[in-house]
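These are the residues of each chain, in order.
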Amino acid sequence: MSEVREPRALWSLGLLRNELLTTFRRWRTLALLAVLAAVPVLVGIAVKIETGDGDPAGGGGGGGPAFISQVTNNGLFLVFTALAATLPFFLPMAIGVVAGDALAGEASAGTLRYLLVAPAGRTRLLLTKYATVLAFCLAATLVVAGSALAVGALLFPLGDLTTISGTRISFAEGLGRALLIALVVAASLVGVAALGLFVSTLTGSGIAAMATTVGLLITVQILDQIPQLHALQPYFFSHYWLSFADLLREPVYWDDLVKNLGLQALYAAVFGSAAWARFTAKDITA
């Protein structure tokens, strides 16, 4: 049995490695990452120009993404600002494009059938595709955070951090919390990844799957802003996305963070199961 399992494990790792290389070498993936990396640059330059005009709060602190009024005091806040700015649209859109194209793109290119001829198996292939999308979630989030940290260090001073609660923490601890926030943001996208993968099993057109996934993301975001739907909004996958700000409280406020992660796990389970049920019963003709 061990001799059988080892080749299967090696095949699975090889399949995952191939999927990761294929995904991250695509020009579309690189373009998405470049756009995400550009957002903190634009935000940092805009804040720098505004403060150069004599506004120490970067616009008075009355608008824009959360934490933007603190960026001029500490460049590390640009990480939090950039994540808050990209999470509602740019990050989930990028995830939706990659997830929606995961299986539908293979079908439209005529390669899905050949993948299944190899000893991959539908379940293993589906898990590999989902793992690849999750890897992109993490990579995309770290690209935003890394770009923001570099721009923040270049344009603004760095030092001890003042939390939302008003307490001071060291720069090293602030850097650790920035990394933790980036990981929470990446985890906040696992529901979107599962939704996109499910949509990808419904069609043989990569473009249609990507457009549908992004359309659903926009629709949910709009519904989450309608006051009359307040009873339903806690169940929308985007409702607790910005709860990562609670990691900058002292002590950390965990309630909304736990709700967010639990909700993402629920969406991943529901749409992951739906994707498996659809894909394993689907007649593959391309």
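Scroll up a little and you will see the structure.
The paragraphs below set out a description of the structure included in this document.

What counts, and where the lines are drawn
Residues numbered from 1 in each chain as written. Predicted model: local features only at pLDDT ≥ 70, side-chain atom pairs only at ≥ 80, totals over all residues. Heavy atoms only, no water. Helix = DSSP H or I, 4+ residues; strand = E, 2+ residues; numbered from the N terminus. Buried < 20%, exposed > 50% of the residue type's maximum accessible area, 1.4 Å probe, protein only. Contact = heavy atoms within 4.5 Å. Polar contact = N/O pair within 3.5 Å; in protein donor to acceptor, adjacent residues only side chain to side chain. Axes fitted to C-alpha atoms, helices over the stretch in contact; angles between N-to-C directions. Parallel < 35°, antiparallel > 145°, perpendicular 65-115°, else oblique. Left-handed = near helix turned anticlockwise from the far one by under 90°. Salt bridge = Lys/Arg side-chain N within 4 Å of Asp/Glu carboxyl O. Phe/Tyr/Trp six-rings, centres within 6.5 Å; stacked < 30°, edge-to-face > 60°. Lys NZ or Arg CZ within 6 Å of the ring centre and 35° of its normal.

### Here's the deal with the overall build of the protein
Broken down by element type, the protein carries 10 helices and two strands. If you list the helices and strands of the protein from N to C, you get α-α-α-α-α-α-β-β-α-α-α-α. The burial tally for the protein puts 43% of its 286 residues in the buried class. Contacts in the protein between residues at least 24 apart in sequence constitute 77% of all its contacts with a sequence separation of at least 6.

### Describing the environment of Thr162
Relative to the elements of secondary structure, Thr162 occurs in strand 1 (residues 161–162). Here Thr162 falls in the partly exposed class, since its relative accessible area comes to 31%. Each C-alpha atom, one on Thr162 and one on Leu248, is 8.7 Å from the other, the two residues being 86 residues apart in sequence. At 2.8 Å, the side chain of Thr162 and the side chain of Arg168 are in polar contact.

### Regarding the environment of Val214
Within the element layout of this structure, Val214 appears in helix 9 (residues 206–223). Residue classification places Val214 among the buried positions, given a relative accessible area of 17%. Along the backbone, Val214 and Val97 are 117 residues apart, and their C-alpha atoms lie at a distance of 7.1 Å. Non-local contacts of Val214, meaning those with residues more than four positions away in its chain, are made with Met93 and Val97.

### Details of the packing of helix 3 (residues 77–86) against helix 6 (residues 122–155)
Taken N-terminus to C-terminus, the directions of helix 3 and helix 6 make an angle of 140 degrees; their axes are 8 Å apart at the nearest point. Judged by the angle between their axes, helix 3 and helix 6 are oblique. Considering how the two elements wind past one another, helix 3 and helix 6 form a crossing that is right-handed. On helix 6, the residues touching Leu78, Val79, Ala82, Leu83 and Thr86 of helix 3 are Thr141, Val144, Ala145, Ala148, Leu149, Val151 and Gly152.

### Describing the packing of helix 8 (residues 190–202) against helix 9
Two numbers describe how helix 8 lies on helix 9: the axes approach to 9 Å, and their chain directions differ by 140 degrees. With respect to their mutual orientation, helix 8 and helix 9 come out oblique. At the point where helix 8 passes helix 9, the crossing takes the right-handed sense. Listed contacts from helix 9 to Val192, Leu195, Gly196, Val199 and Ser200 of helix 8 are Ala209, Thr212, Thr213, Leu216 and Leu217.

### Structural notes on the pattern of salt bridges
Within this structure, the stated rule accounts for five salt bridges. Among the ionic pairs, Arg28 bridges to Asp101, the shortest N-O distance being 2.5 Å. With Arg28 in helix 2 (residues 27–52) and Asp101 in helix 4 (residues 90–109), the pair connects residues that are 73 residues apart, well separated along the chain. A relative accessible area of 22% means that Arg28 is categorised as partly exposed. Take Asp101: its relative accessible area is 10%, and that puts it in the buried class. The residue Glu173 makes a salt bridge to Arg177 at a minimum N-O spacing of 3.0 Å. Residue Glu173 and its partner Arg177 are both found in helix 7 (residues 171–187); the two are separated by four residues, about one turn of the helix. Look at Glu173 and you get partly exposed, because its relative accessible area is 35%. Residue Arg177 is classed as buried on the basis of its relative accessible area of 11%. In the salt-bridge network here, residues are joined through shared partners; they are Glu173, Arg177 and Glu250.

### A look at the packing of aromatic side chains
Within this structure, the stated rule accounts for seven aromatic pairs. Consider the rings of Phe198 and Phe271, whose centres lie 5.9 Å apart with planes at 50 degrees: the pair is tilted. A residue pair is termed long-range when its members are at least 10 positions apart, and Phe198 in helix 8 and Phe271 in helix 10 (residues 255–281) qualify at 73 residues. Taken together, the ring pairs in this structure connect Phe198, Phe237, Trp241, Tyr267 and Phe271 into an aromatic cluster. For Arg122, the ring lying beneath its charged end belongs to Phe279, and the centroid distance is 5.9 Å.

### Here's the deal with the side chain of Ser200
Among the structural elements, Ser200 can be located in helix 8. At 2.8 Å, the side chain of Ser200 forms a polar contact with the backbone oxygen of Gly100. Looking at Ser200, its side chain comes within polar contact range of the main-chain nitrogen of Ala104, at 2.7 Å. When sequence neighbours within four positions are dropped, the list of residues in contact with Ser200 reads Ala99, Gly100, Asp101, Ala102, Leu103, Ala104 and Ala209.

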